[in-house]
Amino acid sequence: MTSTNTSTLREDLTRVFHWRRVKVMLVTCFILHLPIFATWLASYPLLVGRVLFIGFAVLLAFGLFERWPARLPGWISRWGLQVVAVAAAVPISAAIAYTITTIGEPQHWWQTPGRLSGFGSMTVLGLLVSPWIAVASLLRQIKDEAHKQALKFELDRSHYERNALDARFRLLQAQVAPHFLFNTLANVRELVSIGSPRAAPVLESLIAYLRASVPRLNEPSSTLGQELELVQAYLEVMQMRMPDRLKFNVEADDAARAAKCPPMTLLTLVENSMRHGIDPAEEGGSIEVRALVRDGRVRAVVTDTGMGLTRSNEAIAGLGTGLANLRERLQLAFGGDATLTLSENQPHGVLAEIDFPVRIGAV
Amino acid sequence: MATRATALIADDEPLLRESLTRLLAQTWPELEVVAQTRNGRAAVESFEALRPDICFLDVHMPGLSGIEAARFIGRRAHVVFVTAYDQYAVQAFDQGALDYLVKPVELARLADTVARLKERLRAKPEIPDRDALLDQLAARVYKNAAPASPPGLRWLRVSVGQTLRLVSADEVDFLRSEDKYTLVAWHDQAGQLADGLVRTPLKELINQLDGEQFVQVHRSVVVNLRAIKLVLRGHNETANIHLKYRTDVLPVSRTFLHQFKMM
């Protein structure tokens, strides 16, 4: 519990004499005063007044020690202090109540058997009940706090999910980015114009790629096998466009293909390799995609022999957001049990590795 | 009227080079495509060798981009940019009144551009200085990527015999003063060694190069730190630099030895 040093008096009073607490106090006072009323000899208002005085004093003690002193030595717990304060407040406030209401009397109230027994009843009943009520109130506060935390967690999680969804939409937009699409279509048109037999297979690859790039929204996950097909289609298209600058190879265990993963997992990495590694290099390079299963975990690796990590800021900035998105989606899908690491490939290029548990069926 | 002219086409995608060549043959049969290059560097080198009247440059190319190539070409040829649809590029082109074509190239649009080019060649007006426009274009096109390219000269124009070569700063091994000129020794990506001359004295060149990457080790020698394999200290406050890609050994003179203090 943090104390706000700058809380005003008004805020403090609102807290200490919060309506909920006052209600509890009033109900308790009502119940407790009944047995005393049974044998009360003095006036009724006097009884009510004294009992209420004790009630408010107890409330004040509870509220005061809730925040004051701001710092406690390690061996005193705040809740303990509050309960003790509440207990102590009962006899003290009862004494004060009796003293105030018997000023000017010839005898001290404690010398009067009737008054003394009244004081005794109030004190005993108060001591029996108020510490428990204090404890119950504290427990309730703890439960409220826990509930608030749970709500916040839910809220964070839904923000997280929404971010992931946003990321997917943005990724979607990037996939079907005009630049890629029109460049590719220009190439395909040329193949068709010259009557090349390569036109049809390239169109197949393009169609496969575009179809997979528009994932169905109610399918939040994909299989590694689908990812590999997507990546294969993408690389085939790119190789058609730059045959002198791209070599590639895609390999995977059968076991790996069945594993569930977030959509675009591999494509994100392969596109990064293409955009920041191979494309800017005058001589291009090669991209290798491999996936295997070991000890119940999937290891997928995308390596390229392109420009590497130490290139221009432009590459780093682009890599940053794309990979951050991917990491988020992996964390969301595997509850934090997934890793994504980048390292320099030798002699130049990037090695990106994803590691996550094998899940067949629903993720 | 048949207007004869020569042209160069640059695009990193071979099918698109073929495509533009074919379409130009349809709309402008008298145009002779003298070179097809696959990146900006080759485009500039071919331009220097062949001096075509028109250059069709893809904007997005590895190494030297179309925009940077246009800078090197300057006012010596008409330049037509070719770009896959990119809203930033198109805006910049429209505003800067630079000629451009959008991929896939449509015959009708190409015909318009060809008509305009023919007109200009006939009238022979001065080709305007495009540098300011190119700066704007570069800023727009790279708006998203926002590159913070390292300071200093990235590309050197080196004369090797009669040909002009563009050498990337990263490929340079060392530079040596040869009177009013500078000898540049470099290795290309295939590992081939080469050297040539730059018509700028070393003193000036040092100021243009990135100070973090190029270090003067001798009154007449500047070395690329990336090309150093190791530095061996000798007696009498001397040292020798052994290079990664060459067998040359560069002496470090006393004045510059302090740069190689052990860390």
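The preceding data block contains the structure.
Keep in mind it's a predicted model, so treat the numbers as computed, not measured.

1. Regarding the sheet that holds strand E3 (residues 54-58) of chain B
All names here are of chain B.
Thought 1: Spatial strand order, E2-E1-E3-E4-E5: 5 strands in an open sheet with parallel pairing. Edge strands, defined here as strands with exactly one partner in the open sheet, are strand E2 (31-37) and strand E5 (100-103). Within this sheet the neighbouring strands show an average axis-to-axis angle of 20°, counted without direction.
Thought 2: Sheet topology places strand E1 (residues 5-10) next to E2; 6 bridges connect them, and they run parallel. The residue of E2 that forms the bridge with Ala-7 is Val-33.
Thought 3: Against the sheet, helix H1 (residues 14-27) touches E1, E2, E3 and E5, its axis set at about 175° to E2.
Thought 4: Relative to the sheet, helix H3 (residues 66-73) contacts E1, E3 and strand E4 (78-84), its axis offset from that of E3 by approximately 155°.

2. As for the pairing of strand E7 (residues 163-168) of chain B
Side-chain direction in a regular strand flips from residue to residue, so the side chains alternate between the two faces of the sheet.
Residues and elements named next belong to chain B.
Thought 1: Across 6 bridges, strand E6 (residues 155-160) lies against E7 in antiparallel orientation. From the neighbouring strand, Arg-157 faces E7, where its bridge partner is Leu-166.
Thought 2: From the end of E6 to the start of E7, which pair antiparallel, there are 2 residues, and Gly-161 there has a positive phi angle of about 65°.

3. Examining the packing of helix H7 (residues 199-213) of chain A against helix H8 (residues 224-241) of chain A
All names here are of chain A.
Thought 1: Their axes nearest at 8 Å, the elements H7 and H8 cross at an angle of 135°. Here H7 is positioned oblique relative to H8, judged by the angle of their axes. Of the two possible hands of crossing, H7 and H8 adopt the one that is left-handed. Between H7, through Val-202, Ser-205, Leu-206, Ala-208, Tyr-209 and Ala-212, and H8, the contact on the second element is made entirely by Gln-226, Glu-229, Leu-230, Ala-233, Tyr-234, Glu-236, Val-237 and Met-240.
Thought 2: Considering only residue class, the contact of H7 with H8 consists of 10 nonpolar, 2 polar and 2 charged.

4. Remarks on the sheet that holds strand E5 (residues 297-304) of chain A
Residues and elements named next belong to chain A.
Thought 1: Pairing is mixed in the open sheet, where 5 strands are placed in the order E2-E4-E5-E7-E6. Taken across any chain shown, the strands that pair with only one partner, and hence form the sheet edges, are strand E2 (246-252) and strand E6 (339-344). Between one strand axis and the next, the sheet turns through 10° on average, direction left out of account.
Thought 2: Across 8 bridges, E5 lies against strand E7 (residues 350-357) in antiparallel orientation. Bridge pairing in E7 links Arg-297 to Pro-357.
Thought 3: Sitting on the sheet, H8 is in contact with E2, strand E4 (285-294) and E5, with an inclination near 165° to E2.
Thought 4: Contacts from helix H10 (residues 265-278) reach E2, E4, E5 and E7 within the one sheet, and its direction differs from that of E5 by about 15°.

Procedures and definitions
- Residues numbered from 1 in each chain as written.
- Chains lettered and ligands numbered in written order.
- Predicted model: local features only at pLDDT ≥ 70, side-chain atom pairs only at ≥ 80, totals over all residues.
- Pairing = 2+ DSSP bridges.
- Helix = DSSP H or I, 4+ residues; strand = E, 2+ residues; numbered from the N terminus.
- Axes fitted to C-alpha atoms, helices over the stretch in contact; angles between N-to-C directions.
- Contact = placed C-beta atoms within 7 Å.
- Parallel < 35°, antiparallel > 145°, perpendicular 65-115°, else oblique.
- Left-handed = near helix turned anticlockwise from the far one by under 90°.
- Nonpolar A, V, L, I, M, F, W, Y, C, P; charged D, E, K, R; others polar.

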